[in-house]
Amino acid sequence: MSPTPAPAETTPDPVLAAERAHLARAADCLTQMRTAAVAVTDAGVDAWASERLGAARAERLRSLATDPGVPPFFGRTDGAAETFHIGRRHVRDAAGDPVVIDWRAPMSRPFYQASAAEPQGLVRRRRFGFSAGELTGYEDEVLAAGDEPVGEEHDSAFLRQEIERPRSGPMRDIVATIQPDQDDIVRAPLTESICVQGAPGTGKTAVGLHRAAYLLYTHGEQLARTGVLVVGPNRAFLRYIEQVLPALGEVEVDQATVADLTARVTVRAEDAPDVAVLKGDPRLAEVLRRALWGGVRKPAESVQVTLSGRKYRIGEDRLKRFVDDLRRAGTSGADEQQLVHYAAGRERLAMGLAEYARRLKEAGGGSPTDAETRRCARSAEVRAFCDSVWPAVDAAGLVHDLLTDPERLARAARGVLTDEEQALLRWPKAPRSVRSAPWTAADAVLVDEVAGLLERTPGYGHVVVDEAQDLSPMQCRAIARRLGAGSLTVLGDLAQATSPWSAPDWAQTLAGLGRPATTIRPLTRGYRVPGEVLDFANRLLPRIAPGLPAATAARSEPGALRLQPVATLAGPLAGVVTELAGAEGSTGVVCADADVAEVVGMLAAAGLELAALADDGSAPTRVSVVPATLVKGLEFDHVVVVEPAAIVAAEPRGLHRLYVVLTRAVSSMVVLHRGDLPDLLAQA
């Protein structure tokens, strides 16, 4: 099963020549498919049809866009009767016959799942090696029954080369290296919600994105209507992963952070940790619900409405029944999908009065039209009544009032929050206006909660949530509102939980996301992080996640880990970074957030070209100085960890943060420290 390199010209390999010819044919067919898409003409039926045709053609062209460095196929399966080349998208010839099979098609699954024990109808699996888009070699794995068993998939030389390939720039897809346990998750049904508890380097983020691509391929028409949403922890992370789905031909996927989803107010302040924890508590949802619906008042007198030029009086008792019935529908529904939202209840109340007046007129022999009834519902008398008993509410205004009015907060929080907790919530100084208020990220989630009570939030057909272990219960509710009746892919690692509200297990998070029965699928085999680095980081697990099994590495890299105590930092740091920057791939210099400016200054003084990573959507550069709080989810070929003790000391869950930092390297990691290492690591 050894790779076959490109042979010398004097000894041509007929297999390699045939595969290169097929590669050229596939590239030509893909070009022809793109030309055909461009040539689609508008029949000029109407403006709407023309607009839809133009949008469909643009999407088709984007899905067929070619990357010169990405070959049309990466593998091949040989069955008893059929041979298929497997690639990132389907390629057909002019007659419509398949030249390359999409990796998501059912007939591609044996490429990922077949083994010598269970060949799944295959006699051979072939992997290809490429360089700059040129086919340089191939590797065959014989799977026919009765043949000598072969090693595990990661023993494949080409598989290892692809996993270890240097990764400067954005995250890449993993279609050529998906492993059987990953493939099971990727191809799970749309109706099934899944939580991936993935140890570092197991590819959980890539698995989640590839599941989104698989579901879009398999349920394209359904998800075209409802959409797919990917939620990431910060904009730096979203920038890092943004090219994965387009590379797989999927361009119509929304990507956002929780802050993006809840951006109803301008965030200009930051909460203290204890305040942030309280604002993220699920009890706040009940406080907000009470504050909103507590504003609905009982009618105190009858109302006279005008319909078709005649006045009709509606009695107080009848009005009370209208209000009580609608209020119960808005606060007591067993299913959120059946709840009457506040704004809809107000409109129904107005229409209820108009319909009642219509019945009175019909009882007297009249026959008002629907238009007249709607005008009655919009009349000044009806609107004045609704304003008095069911007032219009602004989401930000309601939260502002709660955080500035102790009496209103006390009424809404009675029996839910203690006096001390209510005092902790209130702003120390009342702002001049709602717009100038010192809104924090946690406040924005509260405003979004109220907005969700006012009106139904549009839902997606599938939502992928990465780094979900760091979500507060209220953030989970914000995502759940975007989920509607759809399904979830939840990605995370409890050992990497760094937020102050992080839970010890997945039950709270999954309940907050509205899917408590979600299946938990563990990934414990690490393909990215060398064993030496992973074993070092695993020393922290007994303290940060005692019930979690340690991840195991698929590969060993002697010399991948260097622990380097130093008396001073500047010279040794510049020397290490200069050494690593000369190697192939990306380098991340990770330090405590407060030390970023100092580290950047040291390296810049040494003449190194680098940039500090910020949470502004900018992508990592070839050499990046990365604040520890932004490194989650990112990978670098080489990582330099600066002062682990400072990273631990910077926040309450500092050991969890350090575990994240220590598991970002794909090839090598150097730990520089002036002081002592944390005790669990010092034992190494």
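All values derive from a computational prediction rather than experimental measurement. (Residues numbered from 1 in each chain as written. Predicted model: local features only at pLDDT ≥ 70, side-chain atom pairs only at ≥ 80, totals over all residues. Heavy atoms only, no water.)

A. Geometry of the overall build of the protein chain. Counting its secondary structure elements, the protein chain contains 29 helices and 22 strands. Across the protein chain, contacts joining residues at least 24 apart in sequence account for 74% of those joining residues at least 6 apart. (Helix = DSSP H or I, 4+ residues; strand = E, 2+ residues; numbered from the N terminus. Contact = heavy atoms within 4.5 Å.)

B. Highlighting helix H16 (residues 380-389). Buried within H16 we find Val382, Phe385, Cys386 and Val389. Looking straight down H16, one finds its buried side chains confined to an arc of 100°; they lie on one side. (Buried < 20%, exposed > 50% of the residue type's maximum accessible area, 1.4 Å probe, protein only. Arc of directions from axis to C-beta.)

C. Molecular detail of the nonpolar core. Within the largest apolar cluster, 79 residues are counted, with the highest numbers of intra-cluster contacts made by Trp103, Leu540, Leu662 and Met669. If you tally residues by element for this core, the top one is helix H6 (residues 204-218), at eight residues. Of all hydrophobic cores here, the second largest spans 77 residues; its members include Tyr312, Ile314, Phe322 and Leu510. (Core = buried A, V, L, I, M, F, W, Y, C linked by side-chain atoms within 4.5 Å.)

D. Quick look at the pattern of salt bridges. Applying the stated criterion across every chain yields a total of 42 salt bridges. Of the charged contacts, one joins Arg328 and Asp325 as a salt bridge, the two residues approaching to 2.5 Å between their closest N and O atoms. Remark: Asp325 and Arg328 occur in helix H13 (residues 316-331); sequence separation between them is three residues, near one turn of the helix. In this structure Asp325 comes out as partly exposed when scored by relative accessible area, which is 45%. Arg657 is the partner of Glu651 in a salt bridge, and the nearest nitrogen-oxygen pair spans 2.7 Å. An identical accessibility class is assigned to Glu651 and Arg657; each is buried. Each of the salt bridges in this network shares a partner with another, and the network as a whole consists of Glu19, Arg76, Asp78, Arg124, Arg126 and Asp140. (Salt bridge = Lys/Arg side-chain N within 4 Å of Asp/Glu carboxyl O.)

E. Quick peek at helix H21 (residues 473-483). Counting buried residues along H21, nine of its 11 residues qualify, which places the element largely inside the surrounding structure. Every buried residue belonging to H21 is among Pro473, Met474, Gln475, Cys476, Ala478, Ile479, Arg481, Arg482 and Leu483, and all of these are buried. Once H21 ends, the next one or two residues include Gly484, with phi positive near 60°.

F. Structural detail: the environment of Leu360. Mapped onto the fold, Leu360 is located in helix H14 (residues 342-363). Sequence spacing of Leu360 and Arg313 is 47 residues, and the spatial spacing of their C-alpha atoms is 9.5 Å. Excluding residues within four positions of it along the chain, Leu360 makes contact with Tyr312 and Arg313.

G. Highlighting the side chain of Ser487. Along the chain, the position of Ser487 falls in strand S13 (residues 487-492). Within the structure, Ser487 has its side chain in polar contact with the backbone oxygen of Leu190 (distance 2.6 Å). Polar side-chain contacts of Ser487 include one of 2.7 Å to the side chain of His462. Contact partners of Ser487, with chain neighbours within four places excluded, come to Leu190, Thr191, Glu192, Ser193, Gly461, His462 and Val463. (Polar contact = N/O pair within 3.5 Å; in protein donor to acceptor, adjacent residues only side chain to side chain.)

H. Broad picture of unusual backbone geometry. Within the chain, Ser308 stands out as a residue other than glycine whose phi angle is a positive 55°. Within the secondary structure, Ser308 is located in the loop between strand S10 (303-307) and strand S11 (310-314). You will see that Glu643, though not glycine, has its phi angle at about 55°, which is positive. Looking at where Glu643 falls in the secondary structure, it is placed in the loop between strand S21 (636-642) and helix H27 (644-649). Residue class for Glu643 comes out buried when judged on its relative accessible area of 9%.

I. Looking closely at the side chain of Gln475. In this structure, Gln475 sits in helix H21. Using a relative accessible area of 17% as the deciding quantity, one classes Gln475 as buried. Excluding its chain neighbours within four sequence positions, the residues that come into contact with Gln475 are Val258, Val445, Asp470 and Trp501.

J. Molecular detail of the environment of Leu630. Assignment of secondary structure puts Leu630 in the loop between strand S20 (623-627) and S21. Of the residues examined, Leu630 reaches a relative accessible area of 10% and is grouped as buried. Between the C-alpha atoms of Leu630 and Pro233, which are 397 residues apart in sequence, the distance is 8.8 Å. Residues within four places of Leu630 in sequence aside, it is in contact with Asn234, Leu613, Ala614 and Asp615.

K. Spatial organisation of the UniProt feature "binding site: ATP" (unreviewed entry) in the protein chain. Sites flagged by UniProt as "binding site: ATP" (unreviewed entry) map to Gly198, Ala199, Pro200, Gly201, Thr202, Gly203, Lys204 and Thr205. Residue position: Gly198 is located in strand S7 (residues 194-198). Turning to its location among the elements, Lys204 is positioned in helix H6. Residue classification places Lys204 among the buried positions, given a relative accessible area of 8%. If we skip the residues at most four places from it in the chain, Lys204 touches Val196, Gly198, Ala199, Leu491, Gly492, Asp493, Gln496 and Leu523. (UniProt positions renumbered as here; feature names shortened; annotations may be inferred.)

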